[in-house]
Amino acid sequence: ANLEVTHWWTSAGEAAAVAEFARVFEEETGHTWVDGALAGSGTGANPVIISRIIGGNPMGATQMNTGRDAEELIQAGLMRDLTDIADEMGIRDFYVDESLLEPCTYEGRIYCFPVNIHSWDWLWLSTAAYEEIGEPVPTNWDEYVASWPALQDAGILPFGLATGWPISGVPGVLMAGIGGSDLVLAINRDKDVEAVRGEDFRRVAEALDALRSVVSPDMMVPAFGDVGNQLLEGTAAGNIHGDWLQGDLQIAGGVPGEDYECLPGLGLNDQLTGGGDSFYFPVLPDGTDPEVIEAQTELARLLISPDAQLAFNLVKGSMPIRTDIDLSSANACMQKAIPLLDNGLLPSGDFSLSSDTQQQLQDLSIEFIDNDNISVDDYIERYASIIESAD
Amino acid sequence: MTDASASERQESGTARYVRQLFTRNISAKIAATPMIVTVLVIFIGCTLWTIYYSFTNSRLLPTGTFVGLDQYTRLFGTSRWNVSVWNLIWYGVFSLSFTLVIGFLLAVLMDQKIRFESAFRTIMLYPFALSFIVTGLVWQWIMNPTLGLQGTMRNLGFDWFTFDWIARSDMVIYALLIAGLWQGTGFMMVLMLAGLRGVDEEIWKASRVDGIPTWRTYLFIVLPMMRGVLVTAVVLAGSGIVRLYDLVVALTRGGPGISSEVPAKYVYDYMFTAGNIGQGLAASTMMLLTVMIIIIPWAYLEFGGRGKKS
Amino acid sequence: MSNPATLSTNVALDAVKTDITLDGPHGPRPKPFFTPRRIILYSILFVACLYYLFPLYVMITTSFKTMPEIRFGNIFAPPIEFTGEAWSKAWSSACTGLTCQGLSPGFWNSIKILIPSVIISTAVAAVNGYGLVNWKFKGSEIFFAVLIFGSFIPYQVMLYPLVMLTREMGIFGTIPAVIMVHTIFGMPILTLLFRNYFASLPPELFKAARVDGAGFWRIFFEVMLPMSLPIVVVALILQVTGIWNDFLFGVVFAGTQNLPMTVQLNNIVNSAQGTPEYNVNMAATMLTGLVPLIVYFVSGRLFVRGVAAGAVKG
Amino acid sequence: MIDNTKTSVSIRNLSLSFGSVQVLQEMNLDVKYGEFIVLLGPSGCGKSTLLNCIAGLLDVTGGQIYISGKNVTWEEPKDRGIGMVFQSYALYPQMTVRKNLSFGLRVAGLPREEIDKRVKRASEMLQIEPLLDRKPANLSGGQRQRVAIGRALVRDVDVFLFDEPLSNLDAKLRADLRVEIKRLHQRLENTMIYVTHDQIEAMTLADRIAIMRDGIIQQLDTPHEIYNRPVNLFVAGFIGSPAMNFIKGDLKSRTFVADGVTLPIDHYAFQPGNEALNANAILGVRPEHVLVGEAANAVPVNFESEIEIVEPMGSDTIAWARIGTQEFTFRADAELNLEPGQKIRLGFDPARASVFDAASGERI
Amino acid sequence: MIDNTKTSVSIRNLSLSFGSVQVLQEMNLDVKYGEFIVLLGPSGCGKSTLLNCIAGLLDVTGGQIYISGKNVTWEEPKDRGIGMVFQSYALYPQMTVRKNLSFGLRVAGLPREEIDKRVKRASEMLQIEPLLDRKPANLSGGQRQRVAIGRALVRDVDVFLFDEPLSNLDAKLRADLRVEIKRLHQRLENTMIYVTHDQIEAMTLADRIAIMRDGIIQQLDTPHEIYNRPVNLFVAGFIGSPAMNFIKGDLKSRTFVADGVTLPIDHYAFQPGNEALNANAILGVRPEHVLVGEAANAVPVNFESEIEIVEPMGSDTIAWARIGTQEFTFRADAELNLEPGQKIRLGFDPARASVFDAASGERI
Ligand SMILES: Nc1ncnc2c1ncn2[C@@H]1O[C@H](COP(=O)(O)OP(=O)(O)OP(=O)(O)O)[C@@H](O)[C@H]1O
Ligand SMILES: Nc1ncnc2c1ncn2[C@@H]1O[C@H](COP(=O)(O)OP(=O)(O)OP(=O)(O)O)[C@@H](O)[C@H]1O
Ligand SMILES: [Mg+2]
Ligand SMILES: [Mg+2]
């Protein structure tokens, strides 16, 4: 049967990765993967996905932000309960971190499957840029910051940035890297306002303050894929972006360790913040062809099957959710991350904050980076008040 | 004619009247139902729905509980919303005055018995046929600091040439303005031209005989006579401004930072991305209020005034 | 007296000596065509035209360039290596996610949405306008006023309730839903247009038809409609361009099988796969804008007249 | 009950309001079979409104309308047995003349032959056969109006309603068509109700004229009576061009005193019972009833006056003089060659004059 | 050169074309100081065009225009010493009456006191002082037209141009304002050129009337001459209501034979040299010159006829009869009580008739 799958994985690397899912799905089950890619990331795709689900015209499966968003849909009985499939596959045995499943769990039942661990916590560095200024490639954030003046003298952008949402992940990365795991847990999980006002967070804010001095809107490129190109060309020296950037770097012909370097956790922290892209399976309306429901079930199983996991994550550049996969074929960057995973994952903002709060934090950070009139103190205060009212 | 039969007729007349009221012109009443349903269900019903849920804490689904004015308190405590409102005000003031002024000036120029009038008009009006998405994309390309006009001019050796408004928080609103004007002034010109052409020829003759210079005639005599067109123009432009969304999304996505955010985008983002319907609807209600403020004076002028005249 | 003019001359010249010199106009000469004033006039118009044409020019030239040319060349320059590759890619092979069919499926979807939506929304509005003018009922003007007010409500506000409504009606995600939404949102302006037009027709025509015994529909189809061709054309033009350019309703209500061309355009332009291909983007943009542009250019005068007629009287 | 044998159209207590504006007020009107009634009155007095009520194009607020003895108050226009002709012709522009004529018949579902027969008869009667296949746009104003009349004609109705049918035509055509309508009426012997602004039309066409004002019929009478014995100041001033002279003064035992000038009007035909009235009064004298020069001496009332303005109008001349301090217009033969400043003797026969009560405006 | 002492407006060989359409053709016209000229003619004959040329609102194609002896052919309108009054009033709607009157003066930079003085004078003259602070929308049609005249008045010009100033008004107001314009002219002694469609206006106002047709002046003469001695069929038919009777026949040695009826017209005032002409001719008799009954026997031409249609018009009655087979209209006193079918004696005085050549249409 035909199964429509919506997602917003439209960048080069993402698209290639999702193609792996499709390939495996079609090969192994004989069903057809009807691709419903929606550009514009969450902003463009979310309304369509949500309105289709509540409008009674759901797709067979969809990628969605894991977490609080879907909760109401689950409450409204619009999402398929996957607990049986999960139990049948013994999902808790091989999942890399129980915490990943938490957001998918509602009243003890499982409603979604995270299909990868994606993490924002990466600092990407351009080998070419550092060759140009004749300095070694930094091994952590502080060295990287120290290299900015030299880069600027050489006419190289210290930090490449795309317009729009890519900036939204940066504060979280700085928080995890500079502030450390405790700070992340205190703020995101415990909504501890005092932590925001504390010394650790101030350092994070100051780092962001430093960062905003080297990014300017007229240097921004339209898409994050372009930043990848800048890194490879050496016109930009570094970038904080999620692991999925690697997909684009590879497609553009970049070789990790040679053309670019990567520093998980900014080279400071030994834990990665893990979010996950999850798949949800909406409850299909009465009268749907049983075959489609069957296909839905099979896709759910397949997405977390070892084959599909490996194929997908290798292309996407993210970590699989299974511990029982041989990652020896993973590239150098991924290899760096594997040991960090043993330390467990830090819950990402997606997991612990509502999208409403995330939206507010994103609005704040974007405003802060763009507007030099907002002082670090202001930033901290406003951040605190958002956390204070967060639910 | 006896009294009894007369009153009998009278009665049957009344009875018939009542009956006719419902059965008469039945097709006309049926034909009006789409409009009536649209008005009642969509325009009135949905508006009330919007207002109602703006007082709840609804998240992804409109199921929340009543929280009074909380959403509004938060709305006006949010700097993105406030920036959006200010942007809209600035954009509105500039856009409205520029479209009107430019539209009028162009119309006046076009009114000078020029040759190739229809060619000029075609050129000025064609952007109006394009969507804001297309408009935004084209201007984004042109205003791209590295690849667009600025980059090109600099490559040609004009190093001083700067056209990076799209990347500057303080100027981005003008970038929006340029694209918006590109799309909309032609239409204003056509409106104004129609208004100019609607002015009685004899007024022109009278003013020439009176020796009034052309520009004064345009300004002091013809312009005030175009009140109807002007009001329409203001209302049309005004409603377009309040709704401003596509252009921003296509051209700047609200950036740099939040410097080109607009209320419609705030509504959209909070309703659909942030999953906070209550907040989105509170913002919508504020927009509705704004629209009311624009349109009620107009309706009064149009309909109230008309009533008085006849 | 064969020539009356001679007569009048003779009569007139009683009072005046006939020795007037008839040697061409006296007094100040008439102004030549190219006065400084007119030169300025044309210059301003010309500059204005440059502003309006520049984006079109950029779109067209960029779409025929190759990527290296775009990167290193100049935005004004015409394409050196003239290539239609971007166009064919935009049309048939640009990718969104896994599908690489370009805009072409969207084009046909748009047509599928466009034709019924335009016809139905125009028809409904025409009947509304006719009813409002000729078959007034108690409160009809109030309904109309609310309708006009409705045209100013931001669409986003209506989106959610409409989704729920169409769901209840069981048509969400199908073409009828888009038709309905376009009919609803086209109704205010089109009804206004038709109302004004029908109001400008002599009411006696309607009365004569009533006396002739024709009813609501008969008068509409046999008397009013044949006379309203100009305004119908205008309404069609407005709706064709409006519905074609629509993004929001198409993407939300039409269902995945029917996503319109604008959605595809957005997908192609925003799903940056590697380096953004500006030439493909521009070609896609042009392709998407082509239908309204053609409609606009072909209908030229009517478009202007209708836009003005609808608005000026409104 | 309504007397079927006599009244073709009968209107009983008809009222009509647009919102709060009462346009027709408790109107009563009976039109006999075959009668030609003209409604005359200033603009906005409700003439068209009345016609539309009769046609069923407006819903009345109160009262009843009977046509040929049948109560049609709530009947559809097509079922009332009326045909209507409008000022703007109201031809269907996209249909040929033939189709214009046959539209109503086709709507009624008449058989083809019957339709053809009727169209033929009407177009012969109106001499529009050569135009049958043209569209209205290609007709002259007069031809259009003829077609419009034809459209009422084919429907074989009892009552014809005309709303200023000729006022869009130029003077010459108007005169021609006026005669034609008169001929048509003589031939069809239909009831006709005809609205006009034009006094000449009213006077020449009507069997009876109804003079209306503010939705009330002031006088309903033959043209002769209306012209010669207007019931009140309004009717008197409305009919006649140039307008009747109104001289303010006092009526005292059958003499009329204006500005010290005493006019003996004992020949005047007082309304019964009014002969001995003393009152503030207004004396109305039609300019065309004034005798000039020698002739003036032959009538009971005459006086001398100085001519102020002279308007030659071809065959006649209109001149302004004064009676006491009040303006006095009269019509004289052009051959008299009146000049401004000239002193002249003027006179009139009180039997042809009208006297009105100054307070109520009613004829005394 | 132009004789300054006599002509106020002088038009020499004026031509005007719109594209290929020649609207005015080699026109010549001289207007004396203080003269009141009325331009009369069918719609589209070029009356407004001529007026606009004089005002300088249209650029002429050829010829010259002199005003007060100065060649103003290419002068700006404001420098020509003309004031113009339009049919649609053309008041500036958003300005008060006072501003309407003074706007042109203020633009011309006149001192305040002078402006006030002129506005005062004009508004007194036209009795619009109480209206000075109103806007045109709050004025009646007649008041508006008065203001429009005032706007020309304040400019202290030599020549007033009127383009159908009264045709938007109703009959009564039109008559009033006509008299007022006449008074104004008597008082100002300005030159006035006045376009109208209305014969009564033309006859009553004009010192001389110019009858135009297709951009050519057919006859320029006093109202009396135009009425009594039209130079051709067109003028004869255009002036007079009801229109002149045209009887086709043959002119043979001072008798006129129509359908076998022989009319002795030797009293007719032939144009010099035409006395002995034999030709196909048309005899024109004005309906109001026809004598009826007894009186007919007193004139040279009389005959008996049967009345076909009678149109009573209050004081007079218009009736249709025949002369031979040709229609013959006449006006009779209403007192005669004519009836259709009645046989009656009709007659006219050939001295008051007109005879035209059937081929050229010119007066014989
Ligand atoms: N549809 C309407 N709504 C409100 N008032 C109306 C309407 N139609 C007519 N009237 C008013 O009713 C009154 C009578 O109008 P009506 O048309 O009957 O006058 P009339 O005598 O025919 O005038 P005219 O001679 O100008 O045609 C007028 O005061 C007019 O303003
Ligand atoms: N601007 C113009 N362009 C082309 N033709 C014109 C123009 N103005 C007038 N005409 C033509 O010139 C002719 C004379 O027009 P004009 O307005 O002078 O007539 P008129 O005698 O004033 O008629 P009316 O009595 O209807 O006002 C008409 O045939 C008209 O169609
Ligand atoms: Mg009327
Ligand atoms: Mg004219």
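These numbers come from a predicted model, not from an experiment.

The subject of this paragraph is the UniProt feature "domain: ABC transmembrane type-1" (unreviewed entry) in chain B. If you check UniProt for "domain: ABC transmembrane type-1" (unreviewed entry), the listed places come out as residues 85-300 of chain B in our numbering. Helix makes up 74% of residues 85-300 of chain B and strand 0%, whereas the separation of the span's terminal C-alpha atoms amounts to 26 Å.

Residues and elements named next belong to chain B. Domain parsing of chain B yields domain 1 (2-53) and domain 2 (76-309). Taken residue by residue, the interface counts five residues in domain 1 and five residues in domain 2. Counting each side, the surface lost to burial between domain 1 and domain 2 is near 400 Å², with a carbon and sulfur contribution of 82%. Of the residues belonging to the side of domain 1 that touches domain 2, the class tally is three nonpolar, two polar and no charged.

The next point concerns the packing of aromatic side chains. A full pass over the atoms with the stated rule returns 69 aromatic pairs over all chains. A centroid spacing of 6.1 Å and a plane angle of 70° characterise the contact between C:Tyr197 and C:Phe198, whose relative ring orientation is edge-to-face. Pairwise contacts between aromatic rings join C:Tyr130, C:Trp135, C:Phe194, C:Tyr197, C:Phe198, C:Phe206, C:Phe216, C:Trp217, C:Phe220 and C:Phe221 into one cluster. The cationic tip of A:Arg212 hangs over the ring face of A:Phe368; the distance from NZ or CZ to the ring centre is 3.8 Å. The ring of D:Tyr92 has D:Arg151 sitting right over it, with the charged end atom 4.7 Å from the ring centre.

Turning our attention to the site of ligand 1. All names here are of chain D. Around ligand 1, the structure places Phe18, Val23, Pro42, Ser43, Gly44, Cys45, Gly46, Lys47, Ser48, Thr49, Glu164 and His197. Contact between ligand 1 and Gly44: an oxygen atom at 2.8 Å from a main-chain N or O atom of the residue. At a separation of 3.4 Å, an oxygen atom of ligand 1 approaches a polar side-chain atom of Glu164. Here the shell around ligand 1 takes three residues from helix 1 (residues 47-55), the largest share from any one element. Considered class by class, the residues forming the shell around ligand 1 number four nonpolar, six polar and two charged.

A few words on the state of the cysteines. Put plainly, a disulfide is one covalent bond tying together the sulfur atoms of two cysteines. With the rule as written, the count across this model stands at one disulfide over all chains. Paired through a disulfide, A:Cys104 and A:Cys112 show a sulfur-sulfur distance of 1.7 Å. The disulfide joining A:Cys104 to A:Cys112 has a torsion of about -90° about its S-S bond and is therefore left-handed. A single burial state applies to A:Cys104 and to A:Cys112, both of which are buried. Sulfur of E:Cys53: no disulfide; nearest cysteine sulfur belongs to E:Cys45 and is 13 Å away. Judged by its relative accessible area of 0%, E:Cys53 falls in the buried class.

Residue and element names in this part refer to chain B. On the surface, Val37, Leu40, Val41, Ile44, Leu48 and Ile51 cluster together into a nonpolar patch covering about 460 Å² of accessible area. Following the sequence through the fold, Ile44 ends up in helix 2 (residues 26-53). Residue Ile44 is classed as partly exposed on the basis of its relative accessible area, which comes to 31%.

The next point concerns the pairing of strand 1 (residues 7-18) of chain E. The side chains of a regular strand alternate between the sheet's two faces. All names here are of chain E. Taking burial as the measure, the 12 residues of strand 1 include 10 buried ones, the bulk of the element. Relative to strand 2 (residues 21-32), strand 1 is paired through eight bridges, and the arrangement is antiparallel. Counted as the bridge partner of Leu16 is Leu24 from strand 2. Counted between consecutive antiparallel strands, the loop separating strand 1 from strand 2 contains two residues, among which Gly19 sits at a positive phi close to 55°. Pairing of strand 1 with strand 4 (residues 62-67), which is carried by five bridges, proceeds in the antiparallel orientation. Within strand 4, the residue paired with Ser15 across the bridge is Gly62.

Turning our eyes to something else, we now look at the packing of helix 10 (residues 216-227) of chain C against helix 2 (residues 97-107) of chain D. Between helix 10 of chain C and helix 2 of chain D, the least distance of the axes is 13 Å, while the angle of their chain directions is 155°. On the basis of their axis angle, the class for helix 10 of chain C and helix 2 of chain D is roughly antiparallel. Relative to helix 2 of chain D, helix 10 of chain C is oriented so that their crossing is right-handed. Each of C:Arg218, C:Glu222 and C:Val223 in helix 10 of chain C lies in contact with helix 2 of chain D, whose residues at this interface are D:Phe103, D:Arg106 and D:Val107. Its residues placed into classes, the contact of helix 10 of chain C with helix 2 of chain D shows three nonpolar, no polar and three charged.

With that settled, the discussion passes to the nonpolar core. One finds A:Phe113, A:Trp141, A:Leu174, A:Phe201, A:Tyr383 and C:Phe253 to be the most contacted residues of the largest nonpolar core, which totals 205 residues. The element contributing the most residues to this core is helix 14 (residues 277-309) of chain B, with 10 residues. Leave out the neighbours within four places in its chain, and A:Tyr383 touches A:Met175, A:Ile187, A:Val196, A:Phe201, A:Leu361 and A:Leu364. Listed in part, the 149 residues of the second largest apolar core include B:Tyr126, C:Ile113, C:Val280 and E:Val107.

Attention now moves to the UniProt feature "domain: ABC transporter" (unreviewed entry) in chain D. Using the residue numbers shown here, the UniProt feature "domain: ABC transporter" (unreviewed entry) corresponds to residues 9-239 of chain D. Within residues 9-239 of chain D, the helical portion is 36% and the strand portion 27%, while the C-alpha atoms at the span's ends are 25 Å from each other.

Conventions used here
Residues numbered from 1 in each chain as written. Chains lettered and ligands numbered in written order. Predicted model: local features only at pLDDT ≥ 70, side-chain atom pairs only at ≥ 80, totals over all residues. Heavy atoms only, no water. UniProt positions renumbered as here; feature names shortened; annotations may be inferred. Helix = DSSP H or I, 4+ residues; strand = E, 2+ residues; numbered from the N terminus. Domains from an automatic or database assignment. Contact = heavy atoms within 4.5 Å. Buried area = accessible area lost by both parts, 1.4 Å probe. Nonpolar A, V, L, I, M, F, W, Y, C, P; charged D, E, K, R; others polar. Phe/Tyr/Trp six-rings, centres within 6.5 Å; stacked < 30°, edge-to-face > 60°. Lys NZ or Arg CZ within 6 Å of the ring centre and 35° of its normal. Near = heavy atom within 4 Å. Polar contact = N/O pair within 3.5 Å; in protein donor to acceptor, adjacent residues only side chain to side chain. Disulfide = S-S within 2.5 Å. Buried < 20%, exposed > 50% of the residue type's maximum accessible area, 1.4 Å probe, protein only. Patch = residues over 30% accessible without salt bridge, like charges linked within 9 Å, V, L, I, M, F, W, Y side chains within 5 Å. Areas by Shrake-Rupley, 256 points an atom, 1.4 Å probe, with all protein chains shown as cover. Salt bridge = Lys/Arg side-chain N within 4 Å of Asp/Glu carboxyl O. Pairing = 2+ DSSP bridges. Axes fitted to C-alpha atoms, helices over the stretch in contact; angles between N-to-C directions. Parallel < 35°, antiparallel > 145°, perpendicular 65-115°, else oblique. Left-handed = near helix turned anticlockwise from the far one by under 90°. Core = buried A, V, L, I, M, F, W, Y, C linked by side-chain atoms within 4.5 Å.

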